[in-house]
Amino acid sequence: MAAPGGRRNAMAHLDAEVKEEWLREDLQFYFMNPCDKYRARNQIPWKLGLQILKIVMVTTQLIRFGLSNQLVVAFKEENTVAFKHLFLRGYSGTDEDDYSYSVYTQEDVYENIFFAINQYHHLKNLSVGTLGYAENEDNEIGLKVCKRHYKRGTMLPFNETLDIDSDIEIDCVHLALQDLSKNSQEWKNSPFFRLEFYRLLQVEISFHLKGIDLQTIHSRELPDCYIFQNTITFDNKAHSGKMKIYFDCEAKIEECKDLNISGSIQKNTQYVLIFDAFVIVICLASLILCTRSIVLALRLRKRFQTFFLEKYNRHVSNSNQWEFINGWYILVIISDLMTITGSILKMEIKAKNLTNYDLCSILLGTSTLFVWVGVIRYLGYFQTYNVLILTMQASLPKVLRFCACAGMIYLGYTFCGWIVLGPYHDKFENLNTVAECLFSLVNGDDMFATFAQIQQKSILVWVFSRLYLYSFISLFIYMILSLFIALITDSYDTIKKYQQNGFPETDLQEFLKGCSSTDKCEKGPSAFLSCICCLRRERSDDHLALVS
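Positions within a chain are numbered from 1, following the residues in the order the chain's sequence is written. Reporting of local features is limited, given that this is a predicted model, to residues whose pLDDT is at least 70; pairs of side-chain atoms are given and counted only at 80 or more, and all residues count toward the totals for whole chains, interfaces and linings. Only hydrogens and water are removed before side-chain values are computed, so all heavy atoms of the structure are retained for them.

**Some words on helix H4 (residues 106-121)**
Here's step 1: If you check H4, its first and last C-alpha atoms are 23 Å apart, about what 16 residues at 1.5 Å a residue would give, namely 22 Å.
Here's step 2: Categorising residues by exposure relies on relative accessible area from a 1.4 Å probe, with only protein chains included: less than 20% of the type maximum marks a residue as buried, more than 50% marks it as exposed, and the intermediate range marks it as partly exposed. Here a strand is any run of E in DSSP of at least two residues, a helix any run of H or I of at least four, and the numbering for each starts at the N terminus. Those residues of H4 lying buried are Val109, Asn112, Ile113, Phe114, Ala116, Ile117, Gln119 and Tyr120. Each helix should span, by expectation, one fewer than its residue count multiplied by 1.5 Å.

What follows is the structure, encoded as structure tokens:
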């Protein structure tokens, strides 16, 4: 009676060893590079080939779209410059600051307002561009002039007397083309244009224009139609004697209603759409393969966790579990999703159904960045090139903690510089420019100009600025930046030592070598066991083997 039980125990032990060897084979195969996988099982590395093809296709697509997008941006910017020269009296071609220019007398204010209105009236005889009048938000063609002012007020500066109602009133008038064609003195002498400057806050002239971008025809693309929403603002909120004049142009692309263009443009558009569709197919195939690999990796991790718990009665550590999650696959999946979405938007833009160039450029540009970053994965199979990846992985946690601490000091200097030096230095006018200025100082850029541009109107602020800048530069360049580099250098030295002397082995790596952390076996599997494993493998459909 003991003999059959002993045979059953022997068979159960043998079956457990077969399952263990089978799991070890799957794990070893999973962590192989594509070339080793091909040598082991003659399995073609489809994902590797797809990634190489995708790099070529996505980069080509991005270059073509980038050239097209440059034409769009250039057309908008050139029209904005043309509008400033057309509608701003005496515009020099260069903005004074964030505003175009400024005026200082009442006569100049009136002349600039009437100049813009007259230029709009005679636009077709003045402009060399493909411009026309467009309807505004009220479905009317013409200018809309609005003025914002305090409700009432009396001001006598000579005896420091002020009586004002701070409630703001907005008065608007619409000047149609028919009104402008009449005697100009009629609308110029209307009560609306009698400005009371002591309570005037702002005068705003808004009008819409249409335009067609014909330069795309030279690149064999269908032209875009534009709506330009132009606004000229005379800003008198400060009441300082200096009235700033702003010109804002918001361009919106619309589908042209009737296009009749002869030539090969339509045929070229079809070829581009076919190319974009092929890119989508390539990215879909890459997305499916990478998603499949992640799913199979999770199944394999589950098998390893179950085996480890049954044999050693303990759970797999988190670090070992994360080794199954290939971050490069996740990066490729994100890149594929962005490329597919961007390609669909690009096809709609090409067909003139959508006009969102900015979103499309962000999606395609970021996806191409991820595609090229993904190339590092394949360079990482070589020990010489793998140093960069390993150093980044080792130093990232320490660098993030260090940056969190240094960021608190950086924010303190940012707020302090903005509140103290903002009124006296152009680079400290708002928090965004302060942060950019300090970051450039950390990198050693523009130091002398930052020191020299401090206005010496206040001796106290000038002395503070010296203490502020010297302390910031000394602290961040000589201490914080040096410590930052030291953290990365320390991680690099550690990785170099590991490459020379061997990396610390985890439970997973010891298992892959054929030994466990508790049972340091030195003998490999018997020939009989290896034969059984091979036979078992041949009969299986290999549904859990992972391909790269």
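**Points about a nonpolar patch on the surface**
Here's step 1: What goes into a patch is any residue over 30% in relative accessible area without a salt bridge, connected to like charges within 9 Å or, for nonpolar side chains (Val, Leu, Ile, Met, Phe, Trp, Tyr), within 5 Å. Each accessible area is a Shrake-Rupley result for a 1.4 Å probe, and residues are judged covered by the shown protein chains and nothing else. A side-chain nitrogen of Lys or Arg and a carboxyl oxygen of Asp or Glu constitute a salt bridge if their distance falls within 4 Å. A surface patch of nonpolar side chains, about 660 Å² in accessible area, is lined by Met408, Ile409, Leu411, Phe415, Trp418, Ile419 and Leu431.
Here's step 2: With six residues, helix H12 (residues 386-421) is the largest single contributor of residues to the nonpolar patch.
Here's step 3: A relative accessible area of 58% means that Ile419 is categorised as exposed.

**A word on the packing of H12 against helix H13 (residues 431-442)**
Here's step 1: Remark: H12 packs on H13, axes separated minimally by 9 Å, with the N-to-C direction vectors making an angle of 125°. Relative to H13, the element H12 lies oblique. Crossing handedness for the pair H12 and H13: right-handed. Of the residues in H13, those in contact with Tyr410, Tyr413, Thr414, Phe415 and Trp418 of H12 are Leu431, Val434, Ala435, Leu438 and Phe439.
Here's step 2: Only Asp, Glu, Lys and Arg are considered charged, only Ala, Val, Leu, Ile, Met, Phe, Trp, Tyr, Cys and Pro nonpolar, and every remaining residue, Gly among them, polar. Among the residues forming the contact of H12 with H13, the class breakdown is nine nonpolar, one polar and no charged. Angles here are taken between N-to-C directions and fall from 0 to 180 degrees, while the axes themselves are lines fitted to C-alpha atoms, restricted in helices to the stretch in contact. Should an angle fall under 35 degrees it is called roughly parallel, over 145 degrees roughly antiparallel, and 65 to 115 degrees roughly perpendicular, with every other angle called oblique. Should the near helix be turned counterclockwise from the far one by less than a right angle, the crossing is left-handed, whereas a clockwise turn marks it as right-handed. What makes two residues a contact is simply this: any of their non-hydrogen atoms within 4.5 Å.

**A short note on the pairing of strand E7 (residues 243-254)**
Here's step 1: Strand pairing follows a simple DSSP-based rule, namely that at least 2 bridges must link the two strands. By the bridge criterion, three bridges tie strand E1 (residues 101-103) to E7 in an arrangement that is antiparallel. In the strand pairing of E7, Ser102 is matched with Lys244.
Here's step 2: Pairing of strand E6 (residues 224-235) with E7 involves 11 bridges; the strand directions are antiparallel. Across the sheet, Cys225 pairs through a bridge with Glu254, a residue of E7.

**Regarding unusual backbone geometry**
Here's step 1: For His239, which is not a glycine, the phi torsion comes out positive at approximately 50°.
Here's step 2: Tracing the chain through its elements places His239 in the loop between E6 and E7.
Here's step 3: A positive phi is found at Asp446, a non-glycine position, where the angle reads about 60°.
Here's step 4: With respect to the helices and strands, Asp446 occurs in the loop between H13 and helix H14 (447-452).

**Section: the UniProt feature "transmembrane region" (unreviewed entry) in the protein**
Here's step 1: UniProt positions are given in the numbering used here, feature names are shortened, and annotations may be inferred rather than shown by experiment. Look at the UniProt record and you will see "transmembrane region" (unreviewed entry) annotated at residues 271-295, 327-345, 357-379, 399-421 and 467-488.
Here's step 2: Structurally, residues 327-345 is divided into 100% helix and 0% strand, and its ends, taken at the C-alpha atoms, are 27 Å apart.
Here's step 3: The straight-line gap between the two end C-alpha atoms of residues 399-421 is 31 Å; of that span, 100% is helix and 0% is strand.

**Remarks on the packing of helix H3 (residues 46-87) against helix H10 (residues 327-350)**
Here's step 1: With their axes 12 Å apart at the nearest point, H3 and H10 run at an angle of 40° to one another. The handedness of the crossing between H3 and H10 is left-handed. Across the interface between the two elements, Lys47, Gln51, Lys54, Val58, Gln61 and Phe65 from H3 touch Tyr329, Val332, Ser335, Asp336, Thr339, Ser343 and Lys346 from H10.
Here's step 2: Of the residues contributing to the contact of H3 with H10, the split by class is four nonpolar, five polar and four charged.

**Regarding the state of the cysteines**
Here's step 1: Two cysteine sulfurs form what is called a disulfide whenever their separation falls within 2.5 Å. Under the definition given, this model contains one disulfide.
Here's step 2: The disulfide that involves Cys146 links it to Cys172, with 2.0 Å between the sulfurs. For the disulfide bridge between Cys146 and Cys172, the dihedral angle about the S-S bond is near 110°, and by the sign convention the bridge is right-handed. Highlighted residues: Cys146 in strand E3 (residues 142-156) and Cys172 in strand E4 (residues 161-176), separated in sequence by 26 residues.
Here's step 3: Given a relative accessible area of 12%, Cys146 falls into the buried group.

**Things to note about the side chain of Lys427**
Here's step 1: Take Lys427: it is sitting in the loop between H12 and H13.
Here's step 2: Among residues more than four places away in sequence, those in contact with Lys427 are Thr433, Val434, Cys437, Asp446, Ala449, Thr450 and Gln453.

**With respect to the environment of Ile294**
Here's step 1: Residue placement: Ile294 occurs in helix H8 (residues 265-312).
Here's step 2: Each C-alpha atom, one on Ile294 and one on Ile330, is 8.4 Å from the other, the two residues being 36 residues apart in sequence.
Here's step 3: Apart from residues no more than four positions distant in its own chain, Ile294 is found in contact with Tyr329, Ile330 and Ile333.

**Focus on the packing of aromatic side chains**
Here's step 1: Any two of the Phe, Tyr and Trp rings considered here, Trp counted by its six-membered ring, make a pair once their centres fall within 6.5 Å; the pair's planes then place it as stacked at under 30 degrees, edge-to-face at over 60, or tilted in between. For the structure on display, the rule yields 24 aromatic pairs.
Here's step 2: An angle of 55° between the planes, with centres 4.7 Å apart, marks the rings of Phe87 and Phe207 as tilted. Of this pair, Phe87 sits in helix H3 while Phe207 sits in strand E5 (residues 200-213), and the two are 120 residues apart along the sequence.
Here's step 3: Assessed through its relative accessible area of 1%, Phe87 is described here as buried.
Here's step 4: Residue classification places Phe207 among the buried positions, given a relative accessible area of 1%.
Here's step 5: Measuring from centroid to centroid gives 6.3 Å for Phe402 and Phe484, while their planes differ by 45°, and the two rings are tilted. In this pair, Phe402 is assigned in helix H12 and Phe484 in helix H15 (residues 459-501), connecting sequence segments 82 residues apart.
Here's step 6: Looking at Phe484, the relative accessible area reads 25%, which means it is partly exposed.
Here's step 7: Among the aromatic residues, ring-to-ring pairing joins Phe75, Phe83, Phe87, Tyr120, Tyr133, Phe207, Tyr226 and Phe228 into one connected group.

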